[in-house]
Amino acid sequence: MGTALVTGASAGLGLEFAWQLATARHDVVLVARNEERLTRLADQLRAAAGVRAEVLVADLADRADVERVAERLRSAENPVGLLVNNAGLGLNQRFVEGDLAREEEALEVMVRTVLVLSHAAAGAMVERGRGAILNVASVAALLASGTYSAHKAWVRSFTEGLAVELRGTGVTATALCPGFVHTEFHERGRIDVSAYPEIAWLNAEDVVSTALADVRRGAVISTPSLRYQLLSGVVRLSPRSAIRAVGRYRKALEADAQ
């Protein structure tokens, strides 16, 4: 896969992607807003793995910054062979009473940025005849859990369509659909998840290693862990009325926890 570009690389799954790719001897381009964290991570990766680590500071809610990242993906110099669209954010608000500006920021980061960067990467990769795009979706894509579910449903559907279009080009597209993962994501989003049992949680290391293995074999959907694979199968076969009922129950759990 050559050089890998990872968005949201300063924390959570993005940080784990950066480490696993670097230790597998891939050069990395690290993208996030926090320059201090990115620079520290790049220094650590160079020292520990002996790889080239570029720092690209960008706010993916800012369209000019997104275009700078897209230009890096189009570059023929040290070309990117794997794009990991990982950046995301948790809103922890209801849509109707919520802050619309925050909703728009989430839409920019988790939908528009995935679209723009996938377009830039796919064009360059198809021209070279090889490459891979990994878009981080979620099991939430199958549920009815506010705009986060909607964004991740778009990512999953978009990636499946992209995989169809890329067939035979030497380039692949994979949607990663994990469940709950032990990372900073929920804490940074001030999301109370204390109501969820430990069995619901996955380790970031396992999620990322499964995702990268699935990318290497050209899988379109990557769902780490047997329990979430089974859950996804049940959800897909269930009537949407039942899924909406689960969404109401989940909201009630979160309200009780607050």
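Preceding this section is the structure that the text describes.
Residues numbered from 1 in each chain as written. Predicted model: local features only at pLDDT ≥ 70, side-chain atom pairs only at ≥ 80, totals over all residues. Heavy atoms only, no water.

A. Focus on the pattern of salt bridges. Applying the stated criterion across every chain, the model contains 10 salt bridges. The partner of Arg-74 in a salt bridge is Glu-67, and the shortest N-O contact between them spans 2.8 Å. Judged by relative accessible area, Arg-74 falls into the partly exposed class, the value being 36%. In this structure, Glu-71 engages Arg-74 in a salt bridge whose closest nitrogen and oxygen atoms are separated by 2.5 Å. (Salt bridge = Lys/Arg side-chain N within 4 Å of Asp/Glu carboxyl O. Buried < 20%, exposed > 50% of the residue type's maximum accessible area, 1.4 Å probe, protein only.)

B. Here's a closer look at helix 7 (residues 204-216). Between its first and last C-alpha atoms helix 7 spans 18 Å; for 13 residues at 1.5 Å apiece the expected length is 18 Å, and the two agree. Buried within helix 7 are the following residues: Ala-204, Val-207, Val-208, Ala-211, Leu-212, Asp-214 and Val-215. With its buried residues spanning 160° around the axis, helix 7 presents them on a single face. Opposite the buried face of helix 7, by more than 90 degrees, sit the exposed residues Glu-205 and Arg-216. One or two residues past the end of helix 7 sits Gly-218, with phi positive at roughly 80°. (Helix = DSSP H or I, 4+ residues; strand = E, 2+ residues; numbered from the N terminus. Expected span 1.5 Å × (residues − 1). Arc of directions from axis to C-beta.)

C. Examining the side chain of Ser-149 more closely. With respect to the element layout, Ser-149 can be found in helix 5 (residues 146-166). For Ser-149, the residues in contact, after removing those within four places along its chain, are Ala-140, Ala-141, Leu-143 and Ala-144. (Contact = heavy atoms within 4.5 Å.)

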